[in-house]
Every structure is written in structure tokens, then in C-alpha cells.
Amino acid sequence: MKGGSRLTGEVEIPGAKNSVLKLMAASLLAPGRTTLSAVPDILDVGVMANVLTALGASVRWDVAGGTLTIDAPEVPGAAADPGLVRRIRASVAILGPLVARRGEARVALPGGDAIGSRALDLHIAGLRRLGAVIDVEDGALVARTSGRLQGASIWLDFPSVGATENLLMAGVLAKGTTVIDNAAREPEIADLCHLLIEMGARIDGVGGSTLVIEGVDELRPVSHRTVPDRIVAGTYAIGTVMTQGDVLLRGARAEHLGIVLEKLTAAGATVDVGADGFRVSADDRPRSVDVVTLPYPGFPTDLLPQVIALEAVSQGISLITENVFDSRFVFCRELLRLGAQLRTDGHHVVVRESPRLVGAPVVASDVRAGAGLVLAGLVAEGTTEVHDVHHIDRGYAGFVENLRALGADIRRERGSAAA
Ligand code: UD1
């Protein structure tokens, strides 16, 4: 890509990757046909569809229409395909539904982005509280229960997104009351709660940090629309500010991006919230802002590389602190190749104003790092080549096409891994 163009126009925000993958897992909780809409055309949805198919579901994906129909079997398989599970971490979300429905689940220790140690201890401790017996056998987590899971009170040491989701999906079919305290509060968890409630689950405290679940005997399949992707919206919003552009993010929910939009405003951008999305514009070079990532409603870790790229072209010095993952700064090494002035120290990075970024070949190490590098390439002088863009395909539908429609000089090398 060649830097220097302003992003202007409109972009449609699709359903959230981090929601739809869990909604798909939740379909295993009820035999019959679940229909999900606003499903993004991303690689991880295809992988998750294969995970479900291998468990006996039949899955039909109308990619153009953004609809996924999952026909879940009366008795799903217990063992998820290890090859598929290693490709996406979200596949661990089938653990809760399978142990609740089948009394047994075997899930290979999952893969996903290389952004930290990403332990599963909170998932395991919580499922044990609900009465499951959990072992590691041949590199797989095996959860078993002899009868129905039993409701219990669970305090999470940290508001883990994945653990909250797994325990919710186990708790809805457990006997009695399950309380999840210090639960994660991400909008994608509220979306999962809404799906489960539509299916017949009884959940109180949706959107809060204490979830109270009254177990029911069975759930029914329903149709559900996926919540819009706040990380995709945030990525385009940050790119707009970096390029001093003007973009309407159609379908995006400003209320899910409170602190992000506040930071962009502090950087000098204007944000206008409308009935169907919001518009971001900027006339001048942004001013630097400090950012601290935290579980929702804090600044999302999934926008960390993008905001570091923003700071690299902002006036002033900023201090960025990452509190959720332990190795997200791998991205900084690539940004240095483009001429960014930054220094990492533990979980902090200091970003100094650089006179300009200059295009170079760089490598995406994960989905968000890839997006951050593309944003940096949009403002770097000359040509930037981002390699290994298959990572970006995991979470951004039509990224290159959308950016081109907004005016960016970007193309994807045919059949390759570069943009
Ligand atoms: C989800 C998102 C990911 C996002 C993250 C935090 C999906 C598919 N992925 O990941 O994009 O960056 O939330 O918003 O939805 N941890 C433990 N023990 C556990 C579980 C987690 O120590 O049992 C730690 C992890 O190592 C990590 C932190 O808690 O450092 C956050 O993890 P978690 O909130 O569980 O994130 P994920 O569900 O993996």
C-alpha cells in the first residue's frame, strides 16, 4: 500500500467475531435449528463451523447474506477435532455447552493468536465448582460429569471473557442457582446472555459483573442477530483519525466504545453519534493521549496495536500500558521498521512523536497487530508491504476492499499473504 490518502466515506460494521463464535458454540445447547444473522465473512467463522460439523451439527453459511444456520444434533459428539481447535482459541467455548449437554467434553488445548500465555485455569476452576471432573489427557482438556452439573457460586480472580462465557453456558443447564462474580462485562457477553435468554435461559444481571443464573431443564433453538463488532469499528475510527479523514461507521454502537471515542476526541477528533452508527472526522494531526488497557469498560486490549500506531504519528509523547495480555508488544518491533519512535518497558510502551513513518516490509503476528500495521502503512511515506495477512482475515471481513472504497491506495497481492 502507499501512504498519504485520507479515509473518507462510509463503511458498514459487521457482526462481532468475538460474539458470533460463542453464539455458534451456544447453539450446541439446544437440539434443532439456530439461525444467526449479521455473521461476518471471516476465517474464524469457517473454522468454528467445521468444529461444530465434526461434533455432528449440520451448518449452512450464506456468506453473502451473513446468515448461519446450525442444526444441532440431539446428542453432540464429545471430542472436538484437535487440528481445528488449535487454530482458534474461541473453540474452547464448546467446553461449557458440551459438558452441560453430554456430560463429557474433550477439547485440545486451544490455539489462536500468539499474544500471551492465555491460561485456562479460571475455566477449569469454575467448571469444577459446578461439579465437573477435569483432567488433561494427551494434550486435551477432558471435562466429565456423572449427572447434571450443579449450580454453585464462582468468584473469578480476573474478569476473563472466555471463562465467563464457558461458565454461563454450563450454568444455564445446571441444577439450581449459579452465581458468577467478577464476571467479564464485554458487550459480546451481554450478546451471549441475550441469545441464551431467548433460548429459555434465566439470567439476571446481564451487562454487570455479577451474573445470577437459574438453571433450566432444556433450551430451544432460536434466531438471533450478532452484536456489531466494536473492535472493527474502533479500528476504522482510529485509521480515520490517523489519516485526518471523515468516515461514517454505519451500524457501529458508540455506547460500546465509550473510552475509545473519548480518547479520539482528546486527540482532536470530532465524533457525531447518529441513529445508525457514528461519524468520526479529524482536520489536524492528532495530539498524543495516554492509554491503559483493561477489561470492559476499560480501553480494549484488541485496539492496542492500532492505538500505538496512532500515537506513533501524533504530536507529543504518550504512555501506553497493557494490562490484559503479556506479549502484545511483539507488534512494536514491526512498527519500529516503519520509523516509529518507541520504547517498551515491561507492560508499558512510551511512544514519541516521529517526524514521519516510512514504508517498509513488515509482518503481521496476529489479527490486531496486522490491522495496526495496515493503519500505519496508510500514513507512511512510500510503499508498505504487510505480510502474513491471513491473520487479518481471521477478524476483518473485506478489510482491503473497505479501505480502498474509503480512498486508501491499497491492494492485496493475488493469492498471497501480503497487502
Ligand atoms: C477474548 C477475546 C480476545 C480479547 C480478550 C480480552 C475472543 C475469541 N477473544 O479472549 O480477542 O483480547 O477476550 O478482551 O473472544 N486468563 C487466565 N486464566 C484463564 C483465562 C484467562 O489467566 O482461565 C488470562 C489470559 O491469559 C489473559 C487474560 O486472562 O491474560 C484475559 O483473557 P480472557 O479475558 O479470558 O480472554 P479470551 O477469552 O482468551
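**Observations concerning the overall build of the chain**
Point 1. Looking only at helices and strands, the chain has 14 helices and 21 strands in total.
Point 2. In terms of C-alpha radius of gyration, the chain reaches 21 Å, essentially the compact-globule figure of 22 Å for 419 residues.
Point 3. Once the C-alpha set of the chain is aligned to its principal axes, its extents read approximately 65 × 45 × 40 Å.
Point 4. By residue count, 54% of the 419 residues in the chain fall in the buried class.

**Notes on the site of the ligand**
Point 1. Taken together, 19 residues are adjacent to the ligand, and D121, L122, S160, D302 and V324 come closest.
Point 2. One of the backbone nitrogen or oxygen atoms of V161 is found 2.8 Å away from an oxygen atom of the ligand.
Point 3. The side chain of D302 places a nitrogen or oxygen atom 2.6 Å from an oxygen atom of the ligand.
Point 4. Look at the ligand: alone it shows 740 Å² of surface, and the protein chains cover 86% of it.
Point 5. At the level of secondary structure, the elements contributing two or more residues to the shell around the ligand comprise α1 (17–26), α5 (121–129) and α6 (161–171).
Point 6. Counting residues per element, the shell around the ligand draws most heavily on α5, at three residues.
Point 7. Looking at the shell around the ligand residue by residue, the class counts come to eight nonpolar, five polar and six charged.
Point 8. Viewed by domain, the shell around the ligand spans two of them, domain 1 (8–13 + 228–405) and domain 2 (17–217), each represented by three or more residues.

**Some remarks on the sheet that holds strand β8 (residues 153–155)**
Point 1. Taken together, the four strands give an open sheet; going across it, the order is β8-β9-β11-β10, and neighbouring strands pair in mixed fashion. Among the strands making up the open sheet, the edge pair consists of β8 and β10 (202–204). Sheet twist, expressed as the mean angle between neighbouring strand axes with direction ignored, is 15 degrees.

**Concerning the sheet that holds strand β16 (residues 291–292)**
Point 1. Across the sheet, which stays open at both edges, the four strands sit in the order β16-β17-β19-β18 with mixed pairing between neighbours. Edge strands, defined here as strands with exactly one partner in the open sheet, are β16 and β18 (341–345).

**Description of the packing of aromatic side chains**
Pairs of aromatic rings are described using the distance from one ring centre to the other and the angle between the two planes.
Point 1. Summed over the entire model, instances satisfying the criterion amount to two aromatic pairs.
Point 2. Here Y396 and F399 contribute two aromatic rings whose centre-to-centre distance is 4.8 Å and whose plane-to-plane angle is 40 degrees, an arrangement assigned as tilted.
Point 3. In this structure Y396 comes out as buried when scored by relative accessible area, which is 2%.
Point 4. Of the residues examined, F399 reaches a relative accessible area of 5% and is grouped as buried.
Point 5. A network of ring pairs unites the aromatic residues Y236, Y396 and F399 as a single cluster.

**A look at the domain arrangement of the chain**
Point 1. Per the domain assignment, the segments making up the chain are domain 1 (8–13 + 228–405) and domain 2 (17–217).
Point 2. For domain 1 and domain 2, the distance between their C-alpha centroids amounts to 30 Å.
Point 3. Opposite the 21 residues of domain 1 that make contact, domain 2 presents 21 residues.
Point 4. Summed over both partners, the interface of domain 1 with domain 2 buries about 1800 Å², with 52% contributed by carbon and sulfur atoms.
Point 5. Put simply, the parts of the chain that give the side of domain 1 that touches domain 2 at least two residues each are α12 (367–379) and α13 (390–393).

**Re the pairing of strand β11 (residues 210–214)**
Consecutive side chains along a regular strand alternate between the two faces of the sheet.
Point 1. Residues L211 and I213 line the buried face of β11, whereas the alternating positions T210, V212 and E214 sit on a face that is not buried.
Point 2. Bridge count for strand β9 (residues 177–181) against β11 is five bridges, and the pairing is antiparallel. Paired with I180 across the bridge in β11 is L211.
Point 3. Inspection of the sheet shows β10 paired to β11 by three bridges, in the antiparallel sense. Paired with I203 across the strands is I213, a residue of β11.
Point 4. Between the antiparallel neighbours β10 and β11 lie five residues, among them G205 with a positive phi of about 90 degrees.

**As for α6**
Point 1. Within α6, nine of the 11 residues are buried, which leaves it mostly tucked inside the rest of the structure.
Point 2. For α6, the capping residue at the N-terminal end is S160, with a side-chain oxygen 3.5 Å from the backbone nitrogen of G162.

Parameters and conventions
Residues numbered from 1 in each chain as written. Predicted model: local features only at pLDDT ≥ 70, side-chain atom pairs only at ≥ 80, totals over all residues. Heavy atoms only, no water. Helix = DSSP H or I, 4+ residues; strand = E, 2+ residues; numbered from the N terminus. Rg over C-alpha atoms; globule rule 2.2 N^0.38 Å. Buried < 20%, exposed > 50% of the residue type's maximum accessible area, 1.4 Å probe, protein only. Near = heavy atom within 4 Å. Polar contact = N/O pair within 3.5 Å; in protein donor to acceptor, adjacent residues only side chain to side chain. Areas by Shrake-Rupley, 256 points an atom, 1.4 Å probe, with all protein chains shown as cover. Nonpolar A, V, L, I, M, F, W, Y, C, P; charged D, E, K, R; others polar. Domains from an automatic or database assignment. Pairing = 2+ DSSP bridges. Axes fitted to C-alpha atoms, helices over the stretch in contact; angles between N-to-C directions. Phe/Tyr/Trp six-rings, centres within 6.5 Å; stacked < 30°, edge-to-face > 60°. Contact = heavy atoms within 4.5 Å. Buried area = accessible area lost by both parts, 1.4 Å probe.

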